[in-house]
Amino acid sequence: MAFLFRCPECRTRRRSYGLFTQHLRETGHRLCRCGGYHYEHRPGSPYCERNPMSAALLASRHGASDEEVFDIALEIALTTPGRAVAACPF
């Protein structure tokens, strides 16, 4: 099975890194460099700073307990504007 490089904007795939970077240069599509990963990545990836749940995932990565991660995720879900959330269970 070949490793494929997927463009973050148009979601097309390339078989080699050379073809992938050529596609990015020709189209102007961009990868994210926010620092959530140690490499360029797709915007909105789980640890990307653009992902609204990244704070909970980072806390989990750094050893927070399941309860702490749940509290962070719940706070994000209840306070992030524009996100469809089910009715408050309390």
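Everything below is about the structure printed above this text.
About the cut-offs
Residues numbered from 1 in each chain as written. Predicted model: local features only at pLDDT ≥ 70, side-chain atom pairs only at ≥ 80, totals over all residues. Heavy atoms only, no water. Helix = DSSP H or I, 4+ residues; strand = E, 2+ residues; numbered from the N terminus. Buried < 20%, exposed > 50% of the residue type's maximum accessible area, 1.4 Å probe, protein only. Contact = heavy atoms within 4.5 Å. Areas by Shrake-Rupley, 256 points an atom, 1.4 Å probe, with all protein chains shown as cover. Phe/Tyr/Trp six-rings, centres within 6.5 Å; stacked < 30°, edge-to-face > 60°. Lys NZ or Arg CZ within 6 Å of the ring centre and 35° of its normal. Salt bridge = Lys/Arg side-chain N within 4 Å of Asp/Glu carboxyl O. Disulfide = S-S within 2.5 Å. Axes fitted to C-alpha atoms, helices over the stretch in contact; angles between N-to-C directions. Parallel < 35°, antiparallel > 145°, perpendicular 65-115°, else oblique.

Caption draft 1: Broad picture of the overall build of the protein chain. A tally of regular secondary structure across the protein chain gives 3 helices and 2 strands. Overall, the protein chain shows an N-to-C arrangement of helices and strands of β-β-α-α-α. In the protein chain, which comprises 90 residues, the proportion classed as buried is 22%. Residue pairs at least 24 apart in sequence account for 7% of intrachain contacts in the protein chain once pairs closer than 6 positions are excluded. Looking at the protein chain as shown, the accessible area adds up to about 6,800 Å², and 54% of this sits on carbon and sulfur atoms.

Caption draft 2: Representation of the packing of aromatic side chains in the model. Here the structure, examined in full by the defined rule, presents 5 aromatic pairs. A ring pair is formed by Phe 5 and Phe 20, whose centres lie 5.7 Å apart and whose planes are at 25 degrees; its orientation type is stacked. Pair noted here: Phe 5 is in strand S1 (residues 5-6) and Phe 20 is in helix H1 (residues 17-27), with a separation of 15 residues, a long-range link. Each ring, one from Tyr 37 and one from Tyr 39, has its centre 5.2 Å from the other, and the planes form 40 degrees; the classification is tilted. With relative accessibility at 45%, the residue Tyr 39 sits in the partly exposed group. Among the aromatic residues, ring-to-ring pairing joins Phe 5, Tyr 17 and Phe 20 into one connected group. Over the aromatic face of Tyr 47 sits the side chain of Arg 61, whose NZ or CZ is 3.7 Å from the ring centroid.

Caption draft 3: Looking closely at the pattern of salt bridges. Taken as a whole and judged by the stated rule, the model has 1 salt bridge. One salt bridge connects Arg 33 with Glu 40, and the closest N-O pair in it is separated by 3.0 Å.

Caption draft 4: Molecular detail of the state of the cysteines. Under the definition given, this model contains 0 disulfides. There is no disulfide at Cys 10, and the cysteine sulfur nearest it, in Cys 7, is 3.6 Å away. In this structure Cys 48 is a free cysteine whose sulfur lies 3.7 Å from that of Cys 32, the closest cysteine sulfur available. Judged by relative accessible area, which is 0%, Cys 48 ranks as buried.

Caption draft 5: Molecular detail of the packing of helix H2 (residues 54-61) against helix H3 (residues 66-79). At a minimum axis distance of 8 Å, the contact between H2 and H3 shows a crossing angle of 170 degrees. Our classification of the angle between H2 and H3 gives roughly antiparallel. Judged by residue contacts, Ala 55, Ala 56, Ala 59 and Ser 60 of H2 engage Val 69, Ile 72, Ala 73 and Ile 76 from H3.

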